[in-house]
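Observations on the model geometry
What follows is the residue order along each chain.
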Amino acid sequence: MGSGASLECRTGDSLECKSSFDDDFLPPTDLPPSFSRHSSSERAATASPIWKDAKDPCSYIKGGSNPTNDDGFVVSPAVGSTVSSPKKRKKASKFPWRSMRAMSISEDEDFPVPDFLEEDLASAIRPFVAHTRLGAKESEWAVRGIYLPAESPTERLVLCLHGHGSGCTAFAWNRFWGDLVRCGFNVLAFDAPCFGRSSGARTGQANLWRADDAHLVHRLLACFGAAPGQTFALAQCMGAAMLLRALARDPAPFAHRLVLSNATLGAWPDDLDATLRRKGARLLAWHELDPDHMREAVCYRNLARLAAAPAGERLAELVDNDHERRRGNTAVLLECDEVPAPGYGRAADGHIFVFDPTPAVRKRVMAFLQ
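Residues numbered from 1 in each chain as written. Predicted model: local features only at pLDDT ≥ 70, side-chain atom pairs only at ≥ 80, totals over all residues. Heavy atoms only, no water.

**Brief notes about helix α7 (residues 272–279)**
How we decide: Relative accessibility under 20% of the residue-type maximum defines a buried residue, over 50% an exposed one, and the middle range a partly exposed one, all with a 1.4 Å probe and only protein chains included. To qualify as a helix, a DSSP run of H or I must reach at least 4 residues; to qualify as a strand, a run of E must reach at least 2; elements of each kind are numbered from the N terminus. Taking the helix axis as origin, the arc is that swept by the directions to the C-beta atoms. We call two residues in contact when some of their heavy atoms are within 4.5 Å.
For α7, the set of buried residues is Leu272, Asp273, Thr275 and Leu276. Across the axial projection of α7, the buried residues extend over an arc of 165°, all falling on one side. Along α7, exposed side chains directed more than 90 degrees from the buried face belong to Arg277 and Arg278. The inward-facing, buried residues of α7 contact α6 (238–249), β12 (282–287) and α8 (298–307). Two residues or fewer past α7, Gly280 is found with a positive phi of approximately 65°.

**A look at the nonpolar core**
Which entries qualify depends on this criterion: Nonpolar cores were defined as sets of buried Ala, Val, Leu, Ile, Met, Phe, Trp, Tyr and Cys residues, with membership established by side-chain atoms within 4.5 Å.
One finds Phe128, Phe190, Trp209, Leu216 and Leu260 to be the most contacted residues of the largest nonpolar core, which totals 56 residues. Leave out the neighbours within four places in its chain, and Trp209 touches Leu134, Gly135, Trp141, Ala192, Pro193, Cys194, Phe195, Leu216, Met238 and Met242. Core analysis: the second largest hydrophobic core is formed by 41 residues, Leu117, Phe176, Leu180 and Val259 among them.

**So, the pattern of salt bridges**
Put simply, the rule is: Any carboxyl oxygen of Asp or Glu that lies within 4 Å of a side-chain nitrogen of Lys or Arg is treated as forming a salt bridge with it.
Using the criterion set out here, one finds 17 salt bridges in the structure. Put simply, Arg182 and Asp179 hold a salt bridge, and the shortest N to O gap is 3.5 Å. Of this pair, Arg182 and Asp179 both sit in helix α4 (residues 177–182), three residues apart, roughly one helical turn. By relative accessible area, which is 25% here, Arg182 ends up partly exposed. Looking at Asp179, the relative accessible area reads 2%, which means it is buried. Residues joined in a network through salt bridges with shared partners are Arg295, Asp320, Asp322 and Arg326.

Purely geometric stuff here, so don't read any function into it on its own.
So this is what it looks like as structure tokens:
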């Protein structure tokens with residue numbers, strides 16, 4: 001949560017969260033959650049986009065500083081304009097994004113409401129489709145995803161990234177979503193190009209855009225007005241590679257806690273260790289041994305190295321499912337499941353991949369993110 005807010009999260013068989021705000025920082029109840037109170041100096045600091053460079057200008061299409069109302073509230077870049085009537089405020093709150101020069105974004109009106117989610121989560125989903133150009137040929141891609149708002153207004157965001165497989169979609173981490181929104185996190189998840197409902201004929205075409213995967217992550221975060229240092233992550237396999245490359249490219253939006261599963265990376269970024277140290281960040285990683293995710297791989301070797309450092313210098317925790325299974329520690333395993341979801345993934349049998357965390361794993365992840 002932003003300045004002036006505190007969060008208490010208690011974990012049991014079910015997770016319960018309580019949030020409390022200092023009165024000075026609590027926005028009026030008739031404003032959407034994306035409004036926040038700032039001082040004049042803070043307004044100046046938020047007057048322009050966070051991530052801009054010559055290659056990837058993520059400046060807002062309409063440009064200029066973020067508008068403010070008479071009460072000194074800055075309209076979040078995720079909303080992008082002041083709204084006067086309660087009806088218009090409700091509509092602005094429903095769609096917490098804004099198009100930018102490098103990415104246009106709008107409501108996904110063709111989104112099929114999933115019946116495999118908890119009813120309250122399914123009804124709260126705000127589906128979107130973002131159009132952007134990626135890859136050496138600057139091909140245009142339609143990236144479809146979902147946004148879930150936290151139960152209480154917050155700047156904290158958890159970015160959920162899926163792996164490389166025909167059944168991999170934005171819903172890979174959905175069994176954590178209920179805990180996240182109750183404990184004060186907004187959730188952003190998307191189907192990477194060539195996966196799920198996003199454009200691209202087949203998953204094998206991912207090489208057409210993967211060189212720009214860090215740009216894709218940063219553009220989406222910018223469109224949703226992600227605050228500096230407030231983006232946490234749950235990232236699997238290919239998605240973990242996207243996350244780590246985005247972190248290496250520009251660490252500004254990312255928070256100090258990132259969760260990985262079967263992370264893969266062709267080359268470990270030279271300054272990634274230093275970036276983690278500067279941010280006071282830690283990685284919590286799971287590994288499931290299989291032919292595509294061997295212990296000899298770049299990511300596993302580096303995560304094991306970070307996890308083996310002395311306690312005061314340790315930048316990662318690593319859970320090797322195979323080792324823990326042999327020890328009989330099944331409660332600590334992060335394992336997967338498949339659920340029937342025709343129309344959501346690319347698998348021939350209509351199933352999608354989802355993580356199936358034990359209660360102990362849910363508690364560990366939520367405690368780690370706090």
